[in-house]
Amino acid sequence: GLCDADDFYRIPETEKYFVGGDVVKPHLLTTAIGHAFIASESIDQNLRGDSPGRRPKVDVHHFNLLGKLRESGLAPENYDHMPAPMTSEENFAVHNYEDRAHAEIVPADGLFLGHWSYVPRAKRTEQDITKDNVLGHFDERIVGLDGATAVAEAGRCMSCGMCFECDNCIIYCPQDAVVKVGKDSSTTGRYVDTIYSKCIGCHICADVCPSGYIQMGLGG
C-alpha cells in the first residue's frame, strides 16, 4: 500500500496531495523529517500559486544564519551603499559568517584530532535465529543499545564542521581578539565574535578548533 511521490513529494498527476515518511519509503525517522521539510515547502508554493521550479541535485537542508537572525529580531541594518571603513563596528555587516552550503564533508585533516581520544564504536548485538527456533520467534533480530550505551555512542560525535562552544578559540587567542557574543545579540550560529583591530591572523584559533569549524579568511 505504498504511495508514489515525485521530487516535491506530491502524488503524481495531482496538485494538492502530498505524502512523506513510511507511506513512501519505510526508512529512518530522519528520512521522514526530510520528506516533510520538502513537502512543506512544496505545499507553501502550491498555496501561493508559485511554480515549484526544480529541487537541487543534493537536496539537503542547510542552516541559514540570516534566517535565524531575522527570527530572533537581530536582522542586519539596511546598508546605504556608501563607503564605510571599519565595517567591524557596523551593524549592517554580518561578521564571522560564510555560507558553507557547498561543503558537505569536513576532511580529517581539517579537525584537531589531538582533542579526540580513540573510542571504539558501540555495536549492536544480534540474536541467532536458526531453523530450530524461528517458528514463534517474534523478537527483534538486531538488539538495540540500552540507554547508557546509546548516550555513550552519541558522545563519540566529533561535531565535524560545527561549533560546539568549547571556548578553545577564546582561551588560546594570544591577542584576546576572539570574544563571546553578548547575550543581547547571540543566537544559534552566533557564539563568538572577532575584534578585527586585534586579530593578527596567527591561525591559532583555527589550529585549536577541535571540529574544523574555523576557516581563516572566512570568519568562524
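Just above sits the structure.
Residues numbered from 1 in each chain as written. Predicted model: local features only at pLDDT ≥ 70, side-chain atom pairs only at ≥ 80, totals over all residues. Heavy atoms only, no water.

A. Expanded view of unusual backbone geometry. In this structure, Asp 176 is a non-glycine residue whose phi angle is positive, near 55°. Mapped onto the elements of the fold, Asp 176 is located in the loop between helix H4 (168–172) and strand E3 (178–180). Phi is positive for His 203, which is not a glycine, with a value near 80°. (Helix = DSSP H or I, 4+ residues; strand = E, 2+ residues; numbered from the N terminus.)

B. Broad picture of the state of the cysteines. Per the counting criterion, the structure on display carries zero disulfides. Cys 202 forms no disulfide, and the closest cysteine sulfur to it belongs to Cys 173, at a distance of 5.9 Å. Exposure remark for Cys 202: the relative accessible area of 34% places this residue in the partly exposed category. Cysteine Cys 205 is unpaired, with the sulfur of Cys 202 as its nearest cysteine sulfur at 6.4 Å. (Disulfide = S-S within 2.5 Å. Buried < 20%, exposed > 50% of the residue type's maximum accessible area, 1.4 Å probe, protein only.)

C. A look at the packing of aromatic side chains. Tallied over the full model, the rule gives two aromatic pairs. Taking the centre distance of 6.0 Å and the plane angle of 50° together, the rings of Trp 116 and Phe 164 count as tilted. In this pair, Trp 116 sits in the loop between helix H2 (65–71) and strand E1 (125–126) while Phe 164 sits in the loop between helix H3 (147–154) and H4, placing the two residues 48 residues apart along the sequence. For Trp 116, a relative accessible area of 23% puts it in the partly exposed group. (Phe/Tyr/Trp six-rings, centres within 6.5 Å; stacked < 30°, edge-to-face > 60°.)

None of the figures reported here should be taken as evidence of function without further support.
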